[in-house]
Protein chains: 4
Amino acid sequence: MDVLKTLQTQLATFASERDWDQFHTPKNLAMALSGEVGELVERFQWLTSEQSERDALSDEDIRAIEEEMADVLLYLLRLADRLRVDMAAASRNKLRLNAEKYPIAEAKGNAVKYSRRDK
Amino acid sequence: MDVLKTLQTQLATFASERDWDQFHTPKNLAMALSGEVGELVERFQWLTSEQSERDALSDEDIRAIEEEMADVLLYLLRLADRLRVDMAAASRNKLRLNAEKYPIAEAKGNAVKYSRRDK
Amino acid sequence: MDVLKTLQTQLATFASERDWDQFHTPKNLAMALSGEVGELVERFQWLTSEQSERDALSDEDIRAIEEEMADVLLYLLRLADRLRVDMAAASRNKLRLNAEKYPIAEAKGNAVKYSRRDK
Amino acid sequence: MDVLKTLQTQLATFASERDWDQFHTPKNLAMALSGEVGELVERFQWLTSEQSERDALSDEDIRAIEEEMADVLLYLLRLADRLRVDMAAASRNKLRLNAEKYPIAEAKGNAVKYSRRDK
């Protein structure tokens, strides 16, 4: 079983043992995900892009950021479980769609086009 | 190689081929992640919790939600790559911390305590 | 002078006295705004819609929510100052656009159309 | 009547005419606010801090950003209306709290302390 499905199953057990399924509706989980991403963004908001790079961050920063990133993944997988979404398949599919949407020749080094077409 | 690392490597190649590493600073990727989660939240904002459940959503809704969820995972993995974070290890670690933070006996069915201690 | 412009000026003085203009680029302020909204969303994530109504919230909840809402407005006005955006004019303009976009007869009680056209 | 209360009243009428109060629970409005901030963040995500400044943005960019900012304010005021929060008073209060939290002498030019204490 892949790591995503293993984590997903562990999270389902975790929630079930605590009787939390009642709170874990897809709507609520989308909100929780959004809250966690807000916490991740706060870690970077006053840093320059250079200061946000791995080698410029302290070990303490990295540890905190890792925890926020894990929170994001855990809520995303909890949501996937509740919606019966296969995250690995969905991600492979999206990567394929992106390859069609941004052909190398056109997208190369093009931030403006990138940002526009990404809307 | 696990599915997360495979996707992460594919995304790194995707960005590199398009000369997008210049845009993919951790700061910018955290913002992009936040934008994608915003799009996911929009899918649920006017639904009741019941309407947000899998069986209440149309196939078209599910397809759109799957795409937004994939976008979240892809940006998260792109960020993990740039910060050299092992997402599988970080997630297993966080799950362990959560098990300590929310002992079953205390957390059982307790939304208020849950939400409070989650801060 | 209207309340928005008064607050905006006070915030500009506040930042200038602390030499924070260097951190308050529009990009960084958009991130800070996003972080604050994340904190606001966290206040509501495990509540049902009924539990999120004023009369169901404790005084302590309300006080905390008020603070988060103020943070959102303050960063929004700080951003408006840096981008020289007239928030009152922009809001009146948007309200007018919304009136055209959602004619009463069509939009009445229509969550689906509402949510679709809001994209 | 100040501009915030005027807008708030207009929004209440707007929602009431369309029978949208049923969708405008505080929980749902917090989500909608989060979605709008996500759209605002997307406007800045691939820009450098310098490119995000007013004079570096095109008129078209500014117009789009103004609309997103107005959306944020409108949902914030709609939420204030539903929660009976006086946004002007709450903001003045928060500004006063911030002045205590960040004394000029200590906070001056200090991004790290700023970002830490802001948590």
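Predicted model only: the values in this text are computed from it and were never measured.

## Here's the deal with the overall build of chain A
Regarding its fold elements, chain A presents 6 helices and 0 strands. Radius of gyration (C-alpha) of chain A: 18 Å, far over the 14 Å computed for a compact globule of 119 residues. Counted over contacts in chain A with a minimum sequence separation of 6, partners at least 24 positions apart contribute 77%.

## Some remarks on the relation of the copies chain C and chain D
There are two copies of the chain, and a rotation about an axis plus a shift along that axis relates them. If you rotate chain C by 180 degrees and push it 0.0 Å along the axis, it lands on chain D with an RMSD of 0.0 Å. Put plainly, the chains are arranged around a two-fold axis.

## Observations regarding the confidence of the model for chain A
Residue and element names in this part refer to chain A. When pLDDT is averaged along chain A, the result is 92, and 92% of the positions lie at 70 or above. Taken together, the stretch residues 115-119 has pLDDT below 50 and engages in 2 contacts with residues farther than four places along the chain or on a different chain. Overall fold confidence for the complex sits at a pTM of 0.94, while the interface term, ipTM, reaches 0.93.

## Concerning the nonpolar core
Judged by nonpolar contacts, the single largest core of 120 residues is most densely connected at Met69 of chain A, Met69 of chain B, Met69 of chain C together with Met69 of chain D. Every residue in contact with methionine 69 of chain C, bar those within four places of it in the chain, is listed here: Leu40 of chain C together with Leu76, Leu79, Ala80, Val85, Met87 and Ala90 of chain D.

## Details of the packing of helix H2 (residues 26-44) of chain A against helix H3 (residues 59-83) of chain A
Residue and element names in this part refer to chain A. Taken N-terminus to C-terminus, the directions of H2 and H3 make an angle of 165 degrees; their axes are 9 Å apart at the nearest point. The angle between H2 and H3 falls in the class roughly antiparallel. Classified by chirality, the crossing of H3 by H2 is left-handed. Across from Pro26, Leu29, Ala30, Ala32, Leu33, Glu36, Val37, Glu39, Leu40 and Arg43 in H2, the residues of H3 making contact are Ala64, Ile65, Glu68, Met69, Asp71, Val72, Tyr75, Leu76, Arg78, Leu79, Arg82 and Leu83. Considered class by class, the residues forming the contact of H2 with H3 number 15 nonpolar, no polar and 7 charged.

## Remarks on the environment of glutamate 100 of chain A
Residues and elements named next belong to chain A. Residue placement: glutamate 100 occurs in helix H4 (residues 87-101). Note on glutamate 100: 7 C-beta atoms within 10 Å, which makes it exposed. Residues glutamate 100 and arginine 63, 37 residues apart in the sequence, show an inter-C-alpha distance of 36 Å.

## Things to note about helix H1 (residues 3-17) of chain D
Given a rise of 1.5 Å per residue, 15 residues ought to cover 21 Å, and the 21 Å separating the end C-alpha atoms of H1 of chain D matches this to within 8%. Within the span of H1 of chain D, buried status applies to Leu4, Leu7, Gln8 and Leu11 of chain D. Buried residues of H1 of chain D, seen end-on, are gathered within an arc of 100 degrees and therefore sit on one face of the element. What points out from H1 of chain D, more than 90 degrees from its buried face, is the exposed set Thr13 and Ser16 of chain D. Where H1 of chain D is buried, its residues meet helix H1 (3-17) and helix H4 (87-101) of chain C together with helix H3 (59-83) and helix H4 (87-101) of chain D. Downstream of H1 of chain D by a residue or two, aspartate 19 of chain D has a phi angle that is positive, lying close to 60 degrees.

## Overview of the domain arrangement of chain A
Each assigned domain of chain A is listed with its residue range as follows: domain 1 (3-85) and domain 2 (90-119). Between domain 1 of chain A and domain 2 of chain A, the C-alpha centre-to-centre distance is 25 Å.

## Observations regarding the interface of chain C and chain D
Counting from both sides, the interface comprises 58 residues of chain C and, opposite them, 58 residues of chain D. At the level of elements, H1, helix H2 (26-44), helix H3 (59-83), H4, helix H5 (104-107) and helix H6 (111-117) of chain C are the ones that each hand at least two residues to the side of chain C that touches chain D. Here the side of chain C that touches chain D gets 15 residues from one element, more than from any other, and that element is H3 of chain C. Its residues assigned to classes, the side of chain C that touches chain D comprises 35 nonpolar, 9 polar and 14 charged.

## A look at the environment of leucine 74 of chain D
Among the structural elements, leucine 74 of chain D can be located in helix H3. Take leucine 74 of chain D: there are 23 C-beta atoms within 10 Å of it, and that puts it in the buried class. Expressed as a C-alpha distance, the spacing of leucine 74 of chain D and leucine 33 of chain D, which sit 41 residues apart in the sequence, is 8.7 Å. Those residues in contact with leucine 74 of chain D that sit more than four places away from it in its chain are Ser91, Lys94 and Leu95 of chain C together with Leu11 of chain D.

## Thoughts on the packing of helix H1 (residues 3-17) of chain B against helix H3 (residues 59-83) of chain B
Residues and elements named next belong to chain B. Interaxial distance between H1 and H3 falls to 9 Å at its minimum, and their mutual angle equals 80 degrees. One element, H1, and the other, H3, form an angle in the roughly perpendicular class. Taking contact as the criterion, the partners of Leu4, Leu7, Gln8, Leu11, Ala12 and Ala15 in H1 are, on H3, Leu74, Leu77, Arg78, Ala80 and Asp81. Within the contact of H1 with H3, the residues separate by chemical class into 8 nonpolar, 1 polar and 2 charged.

## Here's the deal with unusual backbone geometry
Residues and elements named next belong to chain B. At aspartate 19, a position not held by glycine, the phi torsion is positive, near 60 degrees. Note that aspartate 19 resides in the loop between H1 and helix H2 (26-44). Overall, the presence of 14 C-beta atoms within 10 Å leaves aspartate 19 in the partly exposed class.

## Notes on H3 of chain A
Given a rise of 1.5 Å per residue, 25 residues ought to cover 36 Å, and the 36 Å separating the end C-alpha atoms of H3 of chain A matches this to within 8%. A positive backbone phi angle near 50 degrees is found at arginine 84 of chain A, which sits one or two residues after H3 of chain A.

How each quantity is defined
- Residues numbered from 1 in each chain as written.
- Chains lettered and ligands numbered in written order.
- Predicted model: local features only at pLDDT ≥ 70, side-chain atom pairs only at ≥ 80, totals over all residues.
- Helix = DSSP H or I, 4+ residues; strand = E, 2+ residues; numbered from the N terminus.
- Rg over C-alpha atoms; globule rule 2.2 N^0.38 Å.
- Contact = placed C-beta atoms within 7 Å.
- Least-squares fit on C-alpha atoms with pLDDT ≥ 70 in both.
- pLDDT = per-residue confidence, 0-100.
- Core = buried A, V, L, I, M, F, W, Y, C linked by C-beta atoms within 7 Å.
- Buried ≥ 20, exposed ≤ 12 C-beta atoms within 10 Å, placed from the backbone.
- Axes fitted to C-alpha atoms, helices over the stretch in contact; angles between N-to-C directions.
- Parallel < 35°, antiparallel > 145°, perpendicular 65-115°, else oblique.
- Left-handed = near helix turned anticlockwise from the far one by under 90°.
- Nonpolar A, V, L, I, M, F, W, Y, C, P; charged D, E, K, R; others polar.
- Expected span 1.5 Å × (residues − 1).
- Arc of directions from axis to C-beta.
- Domains from an automatic or database assignment.

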